[in-house]
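Coordinate inspection notes
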Amino acid sequence: ARLLKAITPLRLEDCFLGQFGSNTWTVDGIEHHEAGYLDEPGVPQNSRTPTFAAVVLRVNNDRWDGVPFLMHAGKGLDERKAEVRVTFKPKACNHCVPGDLNELVIRIQPDEAIYLKFMNKRPGWKQDTVEP
């Protein structure tokens with residue numbers, strides 16, 4: 001309960017809202033079409049109802065000061081999944097080798113899993129290759 005009370009109230013600049021639209025793509029010469037939210041039956045054509053939201057939560061206490069909690073959810077996304085991702089802060093040495101930041105991923109659904117993603121430089125003088 002103390003943690004929830006320490007969450008700073010959301011401001012509009014901490015939020016991103018969107019609505020999914022229709023999409024058409026071609027694979028192996030076959031054209032595919034996916035309807036957008038406004039194409040669904042019963043949805044008014046001028047609807048501005050968000051179907052996607054991304055927010056940044058901040059906890060105002062000593063332990064979590066300066067740590068953003070990024071949350072996003074939506075309808076019409078490519079995947080249906082629930083996971084927690086802990087992205088580690090970049091260090092000065094991370095700038096020597098290109099690649100993503102290190103992450104601890106806890107997948108809740110589907111296919112429960114816990115894995116660590118980290119980037120390493122291959123031995124040698126080249127600075128342009130990394131191995132996950």
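All values reported here derive from a predicted model rather than from experimental measurement. (Residues numbered from 1 in each chain as written. Predicted model: local features only at pLDDT ≥ 70, side-chain atom pairs only at ≥ 80, totals over all residues. Heavy atoms only, no water.)

1. Concerning the packing of aromatic side chains
Heads up, the rule is: Aromatic rings from Phe, Tyr and Trp, with only the six-membered ring used for Trp, were paired whenever their centres fell within 6.5 Å, and each pair was classed as stacked if the ring planes differed by under 30 degrees, edge-to-face if by over 60, and tilted otherwise. Runs of H or I in DSSP of at least four residues are treated as helices and runs of E of at least two as strands, each being numbered from the N terminus. Per-residue accessibility, obtained with a 1.4 Å probe over protein chains only, is compared with the maximum for each type, and a residue is labelled buried under 20%, exposed over 50%, and partly exposed between these values.
The full count for this structure, using the stated rule, is 3 aromatic pairs. Between Phe16 and Phe52 the ring centres are 6.2 Å apart and the planes differ by 70°, which places this aromatic pair in the edge-to-face class. Here Phe16 is found in strand 1 (residues 15-18), whereas its partner Phe52 is found in strand 4 (residues 52-58), with 36 residues between them in sequence. On the accessibility criterion, Phe16 (52% relative accessible area) is exposed. Here Phe52 falls in the partly exposed class, since its relative accessible area comes to 22%. Ring geometry for Trp64 and Phe69: centres 5.4 Å apart, planes at 65°, overall edge-to-face.

2. Some words on unusual backbone geometry
Between Gln109 and the following residue, Pro110, the backbone shows a cis peptide bond with an omega angle of -15°. One can find Pro110 in the loop between strand 7 (103-109) and strand 8 (113-117). The phi angle at Asp28 is positive, at roughly 55°, despite the residue not being glycine. Structurally, the position occupied by Asp28 is in the loop between strand 2 (23-27) and strand 3 (30-34). For Asp111, which is not a glycine, the phi torsion comes out positive at approximately 55°.

3. Here we look at the pairing of strand 2
Definition in use: One bridge is not enough; two strands pair if DSSP finds at least two bridges between them.
Alignment of strand 2 against strand 3, held across 5 bridges, turns out to be antiparallel. Within the sheet, the bridge partner assigned to Thr26 lies in strand 3 and is Glu31. Between strand 2 and strand 3, which pair antiparallel one after the other, the connecting turn spans 2 residues, and Asp28 there sits at a positive phi close to 55°.

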